[in-house]
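# Residue-level structure breakdown
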Amino acid sequence: MFLFADRVEAEIEKKVIEAFEVFDHECNKTVDVREIGSIVRSLGCYPTEAELQELLAEIEEEEPTGYIHLEKFIPVMRKVLLERSYQPIPEDVLLHAFEALDENKCGYLTKEQLVKYMTEEGNMTPCISLGWAL
């Protein structure tokens, strides 16, 4: 059992390092704090903006430098991935939300409609994630 758990953790750590290195442009085991959301999403986790800020608070230095160090990122992301935190919104919930927005029942939203909903109507993510009809 322990060997399996160790192997799983080693695989997770490898994935975290690989994702981090894509954004480590200086090859110095640091990334710009603004890249963390992209790294986390590339690992299949989709935190809300508030959850992402909480995650950043865990991994940032005492005196924020604007950069995140790999050695602080690995244990936090290992925990996030092992606990399966920040799972994506289920496909059927997203489909229901888009169907609710598709007033003409044509099976798609135009670019203009999508821009309007996302800019004028505000952030709909909490409504979608709770399964509320829009």
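Computed from a prediction, not measured in an experiment: that's the story for all the values here.

Analysis parameters
- Residues numbered from 1 in each chain as written.
- Predicted model: local features only at pLDDT ≥ 70, side-chain atom pairs only at ≥ 80, totals over all residues.
- Heavy atoms only, no water.
- Helix = DSSP H or I, 4+ residues; strand = E, 2+ residues; numbered from the N terminus.
- Buried < 20%, exposed > 50% of the residue type's maximum accessible area, 1.4 Å probe, protein only.
- Contact = heavy atoms within 4.5 Å.
- Areas by Shrake-Rupley, 256 points an atom, 1.4 Å probe, with all protein chains shown as cover.
- Axes fitted to C-alpha atoms, helices over the stretch in contact; angles between N-to-C directions.
- Parallel < 35°, antiparallel > 145°, perpendicular 65-115°, else oblique.
- Left-handed = near helix turned anticlockwise from the far one by under 90°.
- Nonpolar A, V, L, I, M, F, W, Y, C, P; charged D, E, K, R; others polar.
- Polar contact = N/O pair within 3.5 Å; in protein donor to acceptor, adjacent residues only side chain to side chain.
- Core = buried A, V, L, I, M, F, W, Y, C linked by side-chain atoms within 4.5 Å.
- Patch = residues over 30% accessible without salt bridge, like charges linked within 9 Å, V, L, I, M, F, W, Y side chains within 5 Å.
- Salt bridge = Lys/Arg side-chain N within 4 Å of Asp/Glu carboxyl O.

Turning next to the overall build of the protein chain. Tallying secondary structure elements over the protein chain gives seven helices and two strands in all. Moving toward the C terminus, one meets the helices and strands of the protein chain in the order α-β-α-α-β-α-α-α-α. For the protein chain, the residues scored as buried account for 29% of the 134 residues in total. A separation of at least 24 residues holds for 58% of the contacts in the protein chain among residues at least 6 apart in sequence. When the accessible surface of the protein chain is summed, it comes to about 9,500 Å², and 55% of that surface belongs to carbon and sulfur atoms.

Axis separation between helix H3 (residues 49-59) and helix H4 (residues 70-82) bottoms out at 9 Å; the angle between their running directions is 135°. As the angle between them shows, H3 and H4 are arranged oblique. Our pair here, H3 against H4, has a crossing hand that is right-handed. Together, Leu55, Glu58 and Ile59 of H3 and Lys72, Phe73, Val76, Met77 and Val80 of H4 make up the contact between the two elements. Across the contact of H3 with H4, the residue classes tally to six nonpolar, no polar and two charged.

The residue Thr30 is located in strand S1 (residues 30-32) in this model. For Thr30, the side chain forms a polar contact with the side chain of Asn28, separated by 2.6 Å. Once you skip the residues sitting within four places of it in the chain, Thr30 turns out to touch Phe20, Asp24, Tyr67, Ile68 and His69.

Before going further, it helps to spend a moment on the nonpolar core. Generally speaking, a soluble globular protein has its nonpolar side chains buried in company with each other. Membership of the largest hydrophobic core comes to 25 residues, with the highest contact counts inside it found for Val16, Ile36, Ile39, Leu55, Ile68, Phe73 and Met77. Broken down by secondary-structure element, the contributors of at least two residues to this core are helix H1 (2-23), helix H2 (36-42), H3 and H4. With seven residues, H4 is the single largest residue contributor to this core. Ignoring any residue separated from it by four or fewer positions in sequence, one finds Ile68 in contact with Phe20, Lys29, Thr30, Val31, Val33, Ile36, Leu56, Ile59, Glu60 and Phe73.

A cluster of nonpolar side chains, contributed by Leu94, Phe98, Leu114 and Met118, occupies part of the molecular surface with about 340 Å² of accessible area. Elements that contribute at least two residues to the nonpolar patch include exactly helix H5 (91-101) and helix H6 (111-119). Here Leu114 falls in the partly exposed class, since its relative accessible area comes to 36%.

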